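# Structure at a glance
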Amino acid sequence: MSAMELWFTEKQTDNLRMSYRLGSTLITERTEYQELAVVDTLQYGRMLILDDFVMTTEKDEFVYHEMISHVPLFTHPNPKEVLVVGGGDGGVIREVLKHSSVERAVLAEIDPKVIQRSREWLPSISKALDDERCELMVGDGIAHVKEHKKAYDIIISDSTDPIGPAVGLFEEDFYLSCWEALKDDGIFVAQTESPFLHGDLIRQTFQRISSVFPITRLYLATIPTYPGSLWSFTIGSKVHDPLGDTRLPMAIPIETKYYSPAIHQAAFTLPPFVERLIRK
Ligand code: SPD
């Protein structure tokens with residue numbers, strides 16, 4: 001008799017589902033905020049799932065975490081103080097702390113169980129959470145941003161999808177608070193979903209960020225376990241242009257698997273159907 005097959009299916013849209021065959025389920029629980037699961041997929045390794053949506057996997061997490069971190073950090077000439085909103089799995093913190101200029105990286109995560117379970121089950125992603133430059137703030141990231149003025153060089157919004165508690169991270173009020181929480185040459189970046197499935201959201205978010213920040217740019221990366229695979233990030237910057245006055249060297253002093261100076265430049269080259277989403 002053949003072994004029973006276990007599958008997790010993510011409902012990506014009403015008309016699209018993606019299924020992953022599982023080796024085992026490591027934990028499922030209801031936290032104060034959401035349904036949390038860590039499963040072992042046969043294709044992508046361990047996977048963190050929140051409210052039935054894939055958040056990250058061991059095998060492809062590096063693309064997302066490197067691109068949301070190194071594009072703004074290599075654009076800023078001297079990033080010292082960094083805030084990560086969401087991202088309790090620690091993947092963004094791991095990348096941010098590869099930069100020797102960073103003195104302090106604050107993680108504002110509302111759900112302590114995401115941090116705890118990532119530490120237990122996803123050590124390759126969460127390993128930098130114990131770095132002495134990392135400060136954990138368990139609580140509301142939106143409130144944290146509102147309470148700080150001119151405090152950060154970089155703010156990274158590593159949100160879940162724009163449903164439930166993450167909706168506020170896609171609103172203009174949040175982008176205004178980020179502007180105020182950033183220093184005079186600060187940079188904000190957010191994950192902004194897939195142009196294949198969330199074009200309206202990308203258009204709206206780009207408009208909202210550009211109504212606050214004078215330099216707003218969209219860039220792309222391919223993330224196989226995210227719906228639509230082609231994923232977008234939107235940068236809002238006060239002074240430094242991620243495509244212009246960067247200090248991008250030919251080689252970078254950190255080890256990466258996806259990000260490179262050439263990828264940095266290339267990521268801003270948009271196919272016409274994406275360019276049209278953000279055209280005024
Ligand atoms: N559709 C999934 C979007 C999730 C974006 N954030 C993931 C958090 C990983 N640190």
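Residues numbered from 1 in each chain as written. Predicted model: local features only at pLDDT ≥ 70, side-chain atom pairs only at ≥ 80, totals over all residues. Heavy atoms only, no water.

### A word on the site of the ligand
To keep it simple, the criterion reads: Residues are labelled near a given molecule or strand when at least one of their non-hydrogen atoms is within 4 Å of it. Side-chain atoms alone can form a polar contact between residues adjacent in sequence; in general such a contact is a pair of N or O atoms within 3.5 Å, and within protein one must be able to donate a hydrogen while the other accepts it. The Shrake-Rupley method, run with a 1.4 Å probe, gives the accessible areas here. Residue values count only the displayed protein chains as cover. Note that Gly is not counted as nonpolar here; it falls among the polar residues with everything else outside the nonpolar set of Ala, Val, Leu, Ile, Met, Phe, Trp, Tyr, Cys and Pro and the charged set of Asp, Glu, Lys and Arg.
Around the ligand, the neighbouring residues are Val-54, Met-55, Tyr-64, His-65, Asp-89, Asp-158, Ser-159, Asp-161, Gln-191, Tyr-226, Pro-227 and Trp-231. At 2.8 Å, a side-chain N or O of His-65 approaches a nitrogen atom of the ligand. Protein contact buries 98% of the 340 Å² of open area that the ligand shows by itself. Looking at the shell around the ligand residue by residue, the classes come out as 6 nonpolar, 3 polar and 3 charged.

### Examining helix H7 (residues 199–210)
Basically, it comes down to this: We count a stretch as a helix when DSSP gives it H or I for four or more residues in a row; a strand needs E for two or more, and each element gets its number in order from the N terminus. Working rule for helices: expected span equals 1.5 Å times residues minus one. Contacts: residue pairs with any heavy atoms within 4.5 Å of one another.
Over its 12 residues, H7 runs 16 Å from end to end, which matches the ideal 16 Å to within 8%, given 1.5 Å per residue. In the core, the buried residues of H7 are packed alongside helix H6 (172–181), strand S10 (182–191), strand S11 (215–222), strand S12 (230–237) and helix H9 (272–278).

### Quick look at a nonpolar patch on the surface
Here is the rule we go by: Here a patch means residues that are over 30% exposed by relative accessible area and free of salt bridges, tied together within 9 Å if like-charged and within 5 Å if nonpolar (Val, Leu, Ile, Met, Phe, Trp, Tyr). By definition, a salt bridge exists where a carboxyl oxygen of Asp or Glu is found within 4 Å of a side-chain nitrogen of Lys or Arg. Using a 1.4 Å probe on the protein chains alone, a residue whose accessible area is under 20% of its type maximum counts as buried, one over 50% counts as exposed, and one in between counts as partly exposed.
A cluster of nonpolar side chains, Leu-16, Phe-196, Leu-197 and Phe-273, forms an exposed patch at the surface whose accessible area comes to about 330 Å². Looking at the element boundaries, Phe-273 is found in helix H9. Look at Phe-273 and you get partly exposed, because its relative accessible area is 31%.

So yeah, pure geometry; function would need other evidence.
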